[in-house]
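# Commentary on secondary and tertiary structure
Here's the letter readout for the chains.
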Amino acid sequence: MDYHALADLCFPQITASPQEIEKKYPPRPLPEGAKVTRIAPSPTGFMHLGNLFGAIADERLAHQSGGVFYLRIEDTDQKRAVPGAVETILRVFSDYGLPFDEGAGIEEEKGDYGPYRQRRRAEIYQTFAKWLVEQGKAYPCFCTEEELAQLRQQQEANKENFGYYGKYAVHRDMPFEAVKEKITKGEPFVLRFRSPGDPQNRVKFTDLVKGNMEFPENDQDVVLLKSDGIPTYHFAHVVDDHLMGTTHVVRGEEWLATLPIHLQLFQAMGWKPPKYIHTAQLMKLDGGNKRKLSKRKDPELALDYYKEQGYCVEAVKEYLMTLLNSNFEDWRKANPQSPLEDFPFNTKKMGVSGALFDIDKLCDVSKNVISRMDAQQVYELLAQWAKEFDPPFYDLLARDPDYTKRILSIGRGGKKPRKDIALWSGAKEYLNFFFDELFTPEYDWPEKIQPDDIEKILSRYQDLYDPADNAEQWFDKVKNLSEALGYTADMKAYKKDPSAFKGNVSDVSTVLRIAITGRCNSPDLREIMELLGKERSICRLNQALEAIKGGIS
Ligand code: GLU
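Residues numbered from 1 in each chain as written. Predicted model: local features only at pLDDT ≥ 70, side-chain atom pairs only at ≥ 80, totals over all residues. Heavy atoms only, no water.

## Structural notes on the side chain of Arg 526
Assignment of secondary structure puts Arg 526 in helix H22 (residues 525–532). Relative accessible area serves as the criterion here: at 18%, Arg 526 is assigned to the buried category. (Helix = DSSP H or I, 4+ residues; strand = E, 2+ residues; numbered from the N terminus. Buried < 20%, exposed > 50% of the residue type's maximum accessible area, 1.4 Å probe, protein only.)

See the structure below:
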């Protein structure tokens, strides 16, 4: 067979040589050991946790080593492409603070190793495909859908493996004249790889996370180019990651099954494969069983979910880091204030099997992350979220930013900061009593205090309250009021013999707290009253008094 003639027949429009293309992708001038990584999402419009999970690893590997992190859009499957999806991809990674050094953009792209959208690289793939045909390593296949379906039926009947291989690869050795006739007639064809593999042989391979692995060799003549000249993932991955100089491919472990194809293709091209890191699937516990997070069943798989619910970006990143590196939590304990970027990310600390995603744990991480922020930062992030997802709440927050920031300062700083906020969407519930518009108390008075006493506490305290009091003076007044009503301020004595008293000082302050905030747990009451101001505080005491007098709870 004259493979050169076959190649010209298949690709008359391709005149460039592989060498000419290679020249446009010289080795990058990077320091020794620098890693080049990429994320390569398909523009389906759906960005999920797995995308972010891998991207955090990619970004850290690249930037920790002085390397390059780039974005490639894998848009070869037009059926799945959705308008606006690239914008979504860019927005999500920008929201999560994962900066690309190179890659696809909207108007323009950045970097010298593009184009970074696969559909714009058709000629490049075709040049390398032609080169494979010239070497007898690839060939056109004219099988129709029906013929392939028939093959499959035959294989099913014979209980053989499915696919296009061995004796089933019917167009593998089609005579040149027959190919010529079909192409001249304009019959569509796909280009298939002539696999040299034999499943009796094993391929050995070392994954940076999973370690040494072995697979049967691939013997499928996989499709390299579809009939429109656009490559499959297999071929595009090999060509792009070679030309773009990717040193480390981080991708989901669902790609392990087709890795033998990729290794075979690298070998056929005479190229060195990158190092691979196949990341564990994200799992969740469902009725006691571990299962993969599913797009259909689990809204928390979608990254938009976190945005809408108001999970703070830093917290999501930080939580994913706990799943990515087993020593991250210890590092965080030892370095509570350090930025995430200071953590020495290491592939050796990555989990081999399914990572269990636990949304409650994410909330705990989030509380910690937010508790470390200052009031200004919390204000900005909360307001940004509310502006998009709860505009009326935003209006309240932004009406007097200083007031809101003073609220957010309560319990912040110091060794043991309060951890009240986990989600921005939960902040309203926590902050509602600071805004009259949101203050709709349901007084749930402690049962052990008689309504009579509640009335007395609420009315007498009005005369005692002085905003100028410091914390000690404030509390002394509550203590004195307690004693006067038969509620002891001596907690030791109370513990020893509770029956000797009607109650203690904390019962009295609970009554005040409920009146002022509508709940029995809140940050420091004196600080709250100071922020609300005397007039509003007294007004709330009266409001509660009216309610109890009227028997309203
Ligand atoms: N486009 C592939 C995907 O979205 C990327 C896999 C890879 O990173 O190589 O799953």
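## Overview of the pattern of salt bridges
Once the charged atoms of two side chains with opposite charge are near each other, the side chains can pair. By the definition in use, this model includes 36 salt bridges. The partner of Lys 284 in a salt bridge is Asp 298, and the shortest N-O contact between them spans 3.1 Å. Residue Lys 284 is found in strand S11 (residues 282–286), and its partner Asp 298 is found in the loop between strand S12 (289–292) and helix H10 (303–309); the two are separated by 14 residues along the sequence. With relative accessibility at 17%, the residue Lys 284 sits in the buried group. (Salt bridge = Lys/Arg side-chain N within 4 Å of Asp/Glu carboxyl O.)

## What to know about the site of the ligand
All residues adjacent to the ligand are Arg 38, Ala 40, Ser 42, Glu 74, Tyr 233, Arg 251 and Trp 255. The separation between a nitrogen atom of the ligand and a polar side-chain atom of Glu 74 is 2.7 Å. Tyr 233 is positioned with one of its side-chain polar atoms (N or O) 2.4 Å from an oxygen atom of the ligand. Expressed as a share of its isolated accessible area of 300 Å², the protein-covered part of the ligand is 80%. Here the residues of the shell around the ligand sort into 3 nonpolar, 1 polar and 3 charged. (Near = heavy atom within 4 Å. Polar contact = N/O pair within 3.5 Å; in protein donor to acceptor, adjacent residues only side chain to side chain. Areas by Shrake-Rupley, 256 points an atom, 1.4 Å probe, with all protein chains shown as cover. Nonpolar A, V, L, I, M, F, W, Y, C, P; charged D, E, K, R; others polar.)

## Quick look at helix H23 (residues 534–549)
The end-to-end C-alpha distance of H23 is 22 Å, a good match for the 22 Å that 16 residues give at a rise of 1.5 Å each. Of the residues making up H23, those classed as buried are Ser 537, Ile 538, Arg 540, Leu 541, Ala 544, Leu 545, Ala 547 and Ile 548. Those residues of H23 hidden inside the fold are in contact with helix H18 (451–464), helix H21 (505–517) and H22. (Expected span 1.5 Å × (residues − 1). Contact = heavy atoms within 4.5 Å.)

## Observations concerning the side chain of Glu 300
Here Glu 300 lies in the loop between S12 and H10. When sequence neighbours within four positions are dropped, the list of residues in contact with Glu 300 reads Leu 49, Lys 284, Leu 293, Tyr 305, Tyr 306, Phe 357 and Ile 359.

## Quick word on the packing of aromatic side chains
Scanning the model with the defined rule gives 24 aromatic pairs in all. Between Phe 128 and Trp 131 the ring centres are 6.3 Å apart and the planes differ by 80°, which places this aromatic pair in the edge-to-face class. Within this pair, Phe 128 and its partner Trp 131 are both found in helix H5 (residues 122–134), separated by 3 residues, close to a single helical turn. On the numbers, 5.4 Å between centres and 65° between planes, the contact of Tyr 319 with Phe 357 is edge-to-face. Pair noted here: Tyr 319 is in helix H11 (residues 313–324) and Phe 357 is in the loop between strand S13 (355–356) and helix H13 (359–371), with a separation of 38 residues, a long-range link. Residue Tyr 319 shares its accessibility class with Phe 357, and that shared class is buried. In this structure an aromatic cluster arises from ring pairing among Tyr 305, Tyr 306, Tyr 311, Tyr 319 and Phe 357. (Phe/Tyr/Trp six-rings, centres within 6.5 Å; stacked < 30°, edge-to-face > 60°.)

## Examining the sheet that holds strand S8 (residues 223–225)
Strand order in the open sheet formed by 3 strands is S4-S5-S8, with antiparallel pairing between adjacent strands. What marks the edges here is a single partner per strand, and that holds for strand S4 (138–141) and S8. Each strand of the sheet is rotated relative to its neighbour by a mean of 45°, with strand direction disregarded. When S4 meets strand S5 (residues 190–193), the two strands line up antiparallel, connected through 4 bridges. Paired with Pro 140 across the bridge in S5 is Leu 191. (Pairing = 2+ DSSP bridges. Axes fitted to C-alpha atoms, helices over the stretch in contact; angles between N-to-C directions.)

## With respect to helix H16 (residues 401–409)
Within the sequence span of H16, burial applies to Tyr 403, Thr 404, Ile 407 and Leu 408. Seen from one end, H16 has its buried residues packed into an arc of 135°, which puts them on one side. Residues of H16 that are buried sit in contact with helix H14 (375–389), helix H15 (391–399), helix H17 (424–431), H22 and H23. Residue Gly 411 follows H16 closely and has a positive phi angle near 75°. (Arc of directions from axis to C-beta.)

## Considerations on unusual backbone geometry
Backbone torsion omega between Gly 114 and Pro 115 reads -5°, so that peptide bond is classified as cis. Relative to the helices and strands, Pro 115 is located in the loop between strand S3 (102–103) and H5. Even without a glycine there, the phi angle at Lys 159 is positive, about 55°. Assignment of secondary structure puts Lys 159 in the loop between helix H6 (145–157) and helix H7 (176–184).

Function-wise, these values are silent; they only describe arrangement.
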